[in-house]
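Here is what each chain is made of, one letter per residue.
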Amino acid sequence: MVIRRIVAALLLMAAAVAARAEDLDITEALKALLDNALEVKISARIFPADAEKEPWTAASTRLTIPGRAVKVRLEGDNVQIYLICTPYVQESGEVLLLSQGQVWFTEPPEKEAKYFSTFYSVPVAYGEKVLYFPLGVSDAAAKEQGYFNIELEIVIVPYQKEEPQ
Amino acid sequence: MCPDREILSAWLDGEIDTPWDREIEDHVGSCADCRDRLERLEAVRRTLLEAPVPDWRPAMERVRSSLVARGLARVPAAPVWRRHVSLPLPAAAAAAVLIILLAGALAVSVVRSTFGMVRITRQGASGTEIRIAAPVSDLETLLRSLEGGNGTLDEVIVLPKDVRLVPVGEPFMGTETEISRRKPW
């Protein structure tokens, strides 16, 4: 009888230890996840043809983990730009940025929709700037016609988590 | 020849197949002796059906007690929850302390997994602080929180209205160093 109760107590203790161990596993997994997290900073800039005017800017910072895509959509009157960035951390410590850019635009007066889809694979270092020109790189002739130039800047840095206070 | 009693009983119970059942039926119709046997069988069946089911438990208990008294059987064990437990006081106290400690540890573990949150603080696009909190017990919830840090999976940036955006070439992507060689401005 006594042995049976001792066994029951031991089983209870084992269950408690198992529950605690599972909790530790999850915490460790979360810590590993956050240690590998990346911040993807995406800035959009529109440069007017007149160099004296200030460029229009917008920025977005997304948190992700290697292999998980960050998606940004830019919506304009006649243009829609869709950028999907997936960072991968290589064994060397460098980041391989896989990006897909999709651009829809209409040119008045025809209002005919056009579509570009491009795929890029860019090895980058942490903090290095990657530039994306969804509508192409403006040349002098385009500037003379008063066209605006749009560029997106992508920067990937390791996520710095806040230390617990 | 008259059928025997077993066959008559089976016929009464509907257990005789065709065509034998018809032959028995014809015979019973013409044989007073068999009809008389059938009526007795029917009377026995009615009596059995109408009689209350006897309660055999007292008799079984008496038999069991008798067997136990003679050492031929053992008293059945009582269920665990009805057993009487007698422990020395120090052992009982130690067991109580142990149970309380275990319960406390389990409760702390549950509370930690339910309310323990991972807090992520970063600077958002507008310079405001964004906090993401997710229970540490659920990795998938954390991932969803990471994805939905700004409310949606896709970040939407609305471009200004007064700009004229037209393609001036093919889309291009590269590092700043690579691009700087070909940027016209």
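Rules used throughout
Residue positions within a chain follow its written sequence, with the count starting from 1. Chain letters start at A and ligand numbers start at 1, both assigned in the order the entries are written. A pLDDT threshold of at least 70 governs which residues receive local features in this predicted model, and a stricter bar of 80 or more applies before side-chain atom pairs are shown or counted, although totals over entire chains, interfaces and linings include all residues. Helix and strand assignments follow DSSP, with helices taken as H or I runs no shorter than four residues and strands as E runs no shorter than two, numbered in order from the N terminus. Burial is judged by counting other C-beta atoms within 10 Å of a residue's own C-beta: 20 or more means buried, 12 or fewer means exposed, and anything between counts as partly exposed, with every C-beta placed from the backbone. Each residue is represented by a C-beta atom placed from its backbone, and any two residues with such atoms within 7 Å are regarded as in contact. A set of buried Ala, Val, Leu, Ile, Met, Phe, Trp, Tyr and Cys residues, joined through C-beta atoms within 7 Å, is what we mean by a nonpolar core. To obtain each axis, a line is fitted to C-alpha atoms, and for helices this fit is confined to the stretch in contact; angles are then taken between N-to-C directions over 0 to 180 degrees. Each crossing gets its hand from how the near helix is turned against the far one by less than a right angle, where anticlockwise is left-handed and clockwise is right-handed. In this classification, the charged set is Asp, Glu, Lys and Arg, the nonpolar set is Ala, Val, Leu, Ile, Met, Phe, Trp, Tyr, Cys and Pro, and all remaining amino acids, among them Gly, are polar. Here, any two strands with at least 2 DSSP bridges between them count as paired. pLDDT gives the predictor's per-residue confidence on a scale running from 0 to 100.

Chemist: Can you help me understand the overall build of chain B in this one?
Modeler: Across its full length, chain B holds 7 helices and 4 strands. Listed N to C, the secondary structure of chain B is α-α-α-α-α-β-β-α-β-β-α in terms of helices and strands. Burial status across chain B gives 8% buried among its 185 residues. For chain B, long-range pairs separated by at least 24 residues make up 26% of all intrachain contacts whose partners lie at least 6 apart in sequence.

Chemist: Explanation requested: the overall build of chain A in the structure shown.
Modeler: Each helix and strand in chain A was counted, giving 2 helices and 8 strands. Moving toward the C terminus, one meets the helices and strands of chain A in the order α-β-β-β-β-β-β-β-α-β. Counting contacts in chain A only where the partners sit at least 6 residues apart, residues at least 24 apart contribute 52% of the total.

Chemist: Whenever I open this one, the nonpolar core confuses me. Can you help?
Modeler: In a soluble, globular protein the nonpolar side chains are often hidden away together inside. Residue and element names in this part refer to chain A. Of all hydrophobic cores here, the largest spans 29 residues; its most connected members are Val 40, Tyr 132 and Ile 154. Within the residue set of this core, elements represented by two or more residues are β1 (38-47), β3 (70-75), β4 (79-89), β5 (95-107), β7 (129-133) and β8 (149-158). For this core, the element with the most residues is β1, which contributes 5 residues. If sequence neighbours within four positions are ignored, Val 40 has contacts with Arg 62, Thr 64, Val 70, Cys 85, Pro 87, Ile 154 and Ile 156.

Chemist: It is not clear to me how the packing of helix α1 (residues 5-12) of chain B against helix α3 (residues 32-50) of chain B should be interpreted in this structure. Could you clarify?
Modeler: Residues and elements named next belong to chain B. Close contact between α1 and α3 brings their axes to 10 Å; oriented N to C, the two are set at 60°. Like other packed secondary-structure pairs, α1 and α3 cross with a definite hand, here right-handed. Residues Arg 5, Leu 8, Ser 9 and Leu 12 of α1 form the contact with α3, whose own contacting residues are Cys 34, Arg 37, Leu 38, Leu 41 and Glu 42. Along the lines of polarity and charge, the residues of the contact of α1 with α3 split into 5 nonpolar, 1 polar and 3 charged.

Chemist: Hey, could you run me through the sheet that holds β1 of chain A in this one?
Modeler: Backbone-to-backbone hydrogen bonds pair the strands of a sheet. The strands run either parallel or antiparallel. Pairing is antiparallel in the open sheet, where 5 strands are placed in the order β2(A)-β1(A)-β8(A)-β7(A)-β4(B). Unpaired on one side and paired on the other, β2 (56-64) of chain A together with β4 (172-175) of chain B mark the two borders of the sheet. Pairwise comparison of adjacent strand axes, ignoring direction, gives a mean angle of 20° for this sheet. With 9 bridges joining them, β1 of chain A and β2 of chain A adopt antiparallel strand pairing. Each bridged residue has a counterpart across the sheet, and for Val 40 of chain A the counterpart in β2 of chain A is Arg 62 of chain A.

Chemist: Would you take a moment to explain the confidence of the model for chain A for this structure?
Modeler: Detail in the predicted coordinates should be disregarded across regions flagged by low pLDDT. Summary statistics for chain A give a mean pLDDT of 79 and a share of 72% for residues scoring 70 or more. Per-element averaging of pLDDT across chain A places helix α2 (residues 140-144) of chain A at the bottom with 64 and β7 of chain A at the top with 92.

Chemist: Looking at this structure, how should I read the pairing of β3 of chain A?
Modeler: Strand residues, when the strand is regular, have side chains that alternate between the two faces of the sheet. Residues and elements named next belong to chain A. Alternating positions in β3 separate cleanly, Val 70, Val 72 and Leu 74 being buried on one face and Lys 71, Arg 73 and Glu 75 remaining unburied on the opposite face. Sheet analysis places β3 next to β4, joined by 6 bridges and oriented antiparallel. Bridge assignment links Lys 71 to a residue of β4, and that residue is Ile 84. Taken together, β3 and the strand that follows it, β4, pair antiparallel across an intervening segment of 3 residues.

Chemist: Just to check I follow, could you spell out the confidence of the model for chain B for this structure?
Modeler: Averaged over every residue, the pLDDT of chain B is 75; the share at 70 or more is 73%. Within the model, the stretch residues 115-137 of chain B combines pLDDT values under 50 with 49 contacts to residues more than four positions away or in other chains.

Chemist: Any chance you could explain unusual backbone geometry here in plain terms?
Modeler: Most peptide bonds are trans, and most residues other than glycine sit at a negative phi. Following Thr 18 of chain B, the chain continues into Pro 19 of chain B via a peptide bond in cis, with omega recorded as 5°. By secondary structure assignment, the location of Pro 19 of chain B is in the loop between α1 and α2 (20-30).

Chemist: What's the story with the environment of Gly 174 of chain B in this structure? I'm lost.
Modeler: Following the sequence through the fold, Gly 174 of chain B ends up in strand β4. Looking at Gly 174 of chain B, the number of C-beta atoms within 10 Å reads 17, which means it is partly exposed. With residues near it in sequence (within four places) discarded, Gly 174 of chain B still touches Val 122 and Leu 131 of chain A together with Ile 179 of chain B.

Chemist: I tried to follow the environment of Val 137 of chain A on my own but got confused; where do I start?
Modeler: All names here are of chain A. On the secondary structure map, Val 137 appears in the loop between β7 and α2. Overall, the presence of 19 C-beta atoms within 10 Å leaves Val 137 in the partly exposed class. Separated by 14 residues in sequence, Val 137 and Glu 151 place their C-alpha atoms 8.5 Å apart.

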